Amino acid sequence: MTPGLGLYLHLPFCPSRCPYCDFNAKTYDHGEARRLLAGLAVHVERIAPRAQGRPLATVYFGGGTPSMLPAAALASLLGQIKELIGLEPWAEVSLEANPGALSQAKLTALRQAGFNRLSLGAQSFSPELLRALGRRHTPQATAKAVQAARRAGFSNLNLDLIYGLPGQSEALAAADLASALELEPEHLSLYELTLSPHTPFGQRFRTGVAPLPGDEEIIDMEQAAKELLEAAGIKRYEVSNYARPGYECRHNQSTWLGGDYLSLGPGAHGHLAGVRWAYVADPPEYCRMVEAGEEPLAMREELSREQRALELILLGLRTVRGVELASLAVLRGADPRRVYAAPLEELRRRGWGLIARGRIIPTEAGLNMADAAAGLFA
Ligand code: SF4
């Protein structure tokens with residue numbers, strides 16, 4: 001599969017800051033949001049020529065909580081993207097949303113504007129765990145948002161869930177999944193809670209130490225999740241992502257295949273033909289630079305062919321498709337079985353991956369140890 005061109009747009013505002021969150025997100029401020037929308041309208045005009053006439057195959061509005069912004073503002077941004085860059089008629093257009101901030105009217109307006117994939121941050125269906133996570137929505141709000149999204153015409157829905165939460169038993173994790181499955185999503189993202197030292201959770205808890213579940217409980221939760229989802233026809237296709245056949249997130253798949261994607265917004269990363277960049281993360285600074293006619297870059301680097309090959313391996317080992325040997329051979333100008341002979345042998349010896357059908361394919365154990373498997377090649 002040759003991935004088409006993508007666009008990632010970052011909207012960093014949220015109703016409040018969750019105590020576990022380490023993303024580029026901040027509490028919503030009306031003035032800042034208005035300024036950012038104006039800045040994005042200017043920035044999209046500047047980046048449009050980089051598409052070189054290629055219409056977008058995927059657009060992803062992430063955050064933050066993009067759904068906090070008015071539907072008209074989101075529709076206007078998407079309209080500008082369509083007009084200035086262009087969209088394939090079959091393009092996947094995703095929006096991340098908070099179940100607590102969605103009305104029927106808003107969802108209908110978003111669907112009519114062209115968003116066709118909705119990713120809802122359900123996180124849990126336990127009221128206690130949602131409170132512990134600092135989330136303002138209830139399990140009922142998630143169910144209502146799903147029903148309203150279906151009525152609005154969304155036929156491609158993702159639910160995000162977090163596991164490994166303080167006080168969460170295997171039974172509670174399984175109950176979360178069962179509740180999610182009752183809503184019949186096409187896609188599920190299951191993220192293990194990670195602790196960052198900069199967050200209140202990171203200062204309060206220690207990985208693997210009560211009230212957080214221990215390592216063995218986490219492994220059991222993951223195994224139970226996989227079995228439950230597969231029995232429901234939802235297959236794992238990446239370390240944290242599961243989908244019904246045909247509903248894998250095309251935007252993310254393209255980035256994992258080393259595809260090209262433009263970017264917009266504070267902290268957004270992009271990649272075009274071996275050059276990658278990130279914009280400054282602070283929204284006022286991003287706006288100031290755009291308003292001054294500057295490119296709001298925090299980082300830009302040209303990857304060597306070796307680095308591109310390594311990146312393909314690191315990302316590919318996180319997916320069930322694995323890594324195509326032919327792509328590695330083009331980048332390295334040599335047979336990858338020879339270039340990476342030692343790490344490939346170690347991958348096989350540990351039972352983490354094998355070569356089959358012209359690809360390096362991770363085993364189930366390899367997917368569970370994706371970071372360590374990637375480390376063999378670094
Ligand atoms: S809603 Fe998501 S992005 Fe926003 S603060 Fe919470 S975890 Fe972070």
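Since this is a predicted model, take the numbers as computed values, not measurements. (Residues numbered from 1 in each chain as written. Predicted model: local features only at pLDDT ≥ 70, side-chain atom pairs only at ≥ 80, totals over all residues.)

Secondary structure assignment for the chain yields 16 helices and 17 strands. If one aligns the C-alpha atoms of the chain with their principal axes, the spans along those axes are about 55 × 50 × 40 Å. A burial count over the chain gives 43% of its 378 residues as buried. Long-range contacts, defined as pairs at least 24 residues apart, comprise 69% of the intrachain contacts of the chain with a sequence gap of at least 6. (Helix = DSSP H or I, 4+ residues; strand = E, 2+ residues; numbered from the N terminus. Buried ≥ 20, exposed ≤ 12 C-beta atoms within 10 Å, placed from the backbone. Contact = placed C-beta atoms within 7 Å.)

Remark on secondary structure: sheet strands pair via backbone hydrogen bonds, oriented parallel or antiparallel. Strand order in the open sheet made by the three strands is β15-β17-β16, with antiparallel pairing throughout. Taken across any chain shown, the strands that pair with only one partner, and hence form the sheet edges, are β15 (323-324) and β16 (353-356). For β16 and strand β17 (residues 359-362), the ladder comprises four bridges, and the chain directions are antiparallel. Following the sheet pairing, Gly-353 is matched in β17 by Pro-362. (Pairing = 2+ DSSP bridges.)

As a further point, take the site of the ligand. As a matter of local geometry, the ligand sits amid Cys-14, Arg-17, Cys-18, Cys-21, Phe-23, Ala-25, Gly-63, Gly-64, Thr-65 and Gly-121. Taken together, the residues of the shell around the ligand break down into five nonpolar, four polar and one charged. (Near = placed C-beta within 6 Å. Nonpolar A, V, L, I, M, F, W, Y, C, P; charged D, E, K, R; others polar.)

Turning our attention to unusual backbone geometry. Cis rather than trans, the peptide bond between Gly-63 and Gly-64 has omega equal to 20°. Following the sequence through the fold, Gly-64 ends up in the loop between β4 (56-63) and α2 (71-84). Positive phi values are uncommon outside glycine, yet Gln-52 reaches one of about 50°. Here Gln-52 shows up in the loop between α1 (30-47) and β4. For Gln-52, a count of 8 C-beta atoms within 10 Å puts it in the exposed group.

Another aspect to go through is the nonpolar core. In this structure, Leu-7, Leu-118, Leu-120, Leu-161 and Leu-188 are the most contacted members of the largest nonpolar core, which totals 74 residues. Setting aside residues no more than four positions away along its own chain, Leu-120 makes contact with Ala-97, Pro-99, Thr-142, Ala-145, Val-146, Leu-157, Asn-158, Leu-159 and Asp-160. Counting residues in hydrophobic clusters, the runner-up holds 18 residues, among them Ile-313, Leu-317, Val-323 and Ala-374. (Core = buried A, V, L, I, M, F, W, Y, C linked by C-beta atoms within 7 Å.)

This part is about the domain arrangement of the chain. According to the domain assignment, the chain consists of domain 1 (5-256) and domain 2 (305-375). If you average the C-alpha positions of domain 1 and of domain 2, the two centres end up 28 Å apart. Counting residues per element, the side of domain 1 that touches domain 2 draws most heavily on strand β9 (residues 235-238), at three residues. Per-class residue counts for the side of domain 1 that touches domain 2 are three nonpolar, no polar and three charged. (Domains from an automatic or database assignment.)

Attention shifts here to the packing of α1 against α2. For the pair α1 and α2, the least separation of the axes is 10 Å and the interaxial angle reads 10°. Judged by the angle between their axes, α1 and α2 are roughly parallel. On α2, the residues that touch Leu-37, Leu-40, Ala-41, Val-44 and Glu-45 of α1 are Ala-73, Leu-77, Gln-80, Ile-81 and Leu-84. Class assignment for the residues of the contact of α1 with α2 results in eight nonpolar, one polar and one charged. (Axes fitted to C-alpha atoms, helices over the stretch in contact; angles between N-to-C directions. Parallel < 35°, antiparallel > 145°, perpendicular 65-115°, else oblique.)

For the rest of this paragraph, the subject is the environment of Met-299. Looking at the element boundaries, Met-299 is found in strand β14 (residues 297-302). By C-beta crowding, Met-299 is classed as exposed, having 10 other C-beta atoms within 10 Å. For the pair Met-299 and Gly-267, spaced 32 residues apart in the sequence, the C-alpha separation amounts to 9.9 Å. Setting aside residues no more than four positions away along its own chain, Met-299 makes contact with Trp-277 and Ala-278.

Here we take up the pairing of strand β6 (residues 117-123). Counting buried positions along β6 gives seven out of seven residues, so the element sits mostly inside the fold. Residues of β6 alternate between two faces, with Arg-117, Ser-119, Gly-121 and Gln-123 on one and Leu-118, Leu-120 and Ala-122 on the opposite face, all of them buried. Sheet analysis places strand β5 (residues 87-97) next to β6, joined by four bridges and oriented parallel. Its bridge partner being in β6, Ser-94 is matched across the sheet by Arg-117. Pairing of β6 with strand β7 (residues 157-163), which is carried by four bridges, proceeds in the parallel orientation. Bridge pairing links Ser-119 to Asn-158 in β7.

Here the focus is the packing of helix α6 (residues 170-182) against helix α8 (residues 215-231). Closest axis-to-axis distance for the α6/α8 pair is 10 Å, and the angle between their directions is 30°. In terms of axis orientation, α6 runs roughly parallel to α8. When you trace α6 past α8, the crossing you get is right-handed. Contacts from Glu-170, Ala-173, Ala-174 and Leu-177 of α6 reach α8 at Glu-217, Asp-220, Met-221, Ala-224, Ala-225 and Leu-228. Looking at the contact of α6 with α8 residue by residue, the class counts come to seven nonpolar, no polar and three charged. (Left-handed = near helix turned anticlockwise from the far one by under 90°.)

A separate point is the pairing of β17. A one-sided burial pattern is seen for β17, the buried positions being Ile-360 and Pro-362 and the unburied ones Arg-359 and Ile-361. Between β16 and β17, which pair antiparallel in sequence order, lie two residues; one of them, Arg-357, sits at a positive phi of approximately 50°.

This next bit is on helix α3 (residues 104-113). What sets the pattern is the α-helix's 3.6 residues per turn: residues three or four places apart point alike. Residues Leu-107, Leu-110 and Arg-111 constitute the buried set of α3. Summarising the axial view, the buried residues of α3 lie within an arc of 100°, below the 170-degree limit, and thus occupy one face. The exposed set on the far side of α3, more than 90 degrees from its buried face, consists of Ala-105 and Gln-112. Here the buried face of α3 lies against α2, β5 and α5 (139-152). (Arc of directions from axis to C-beta.)

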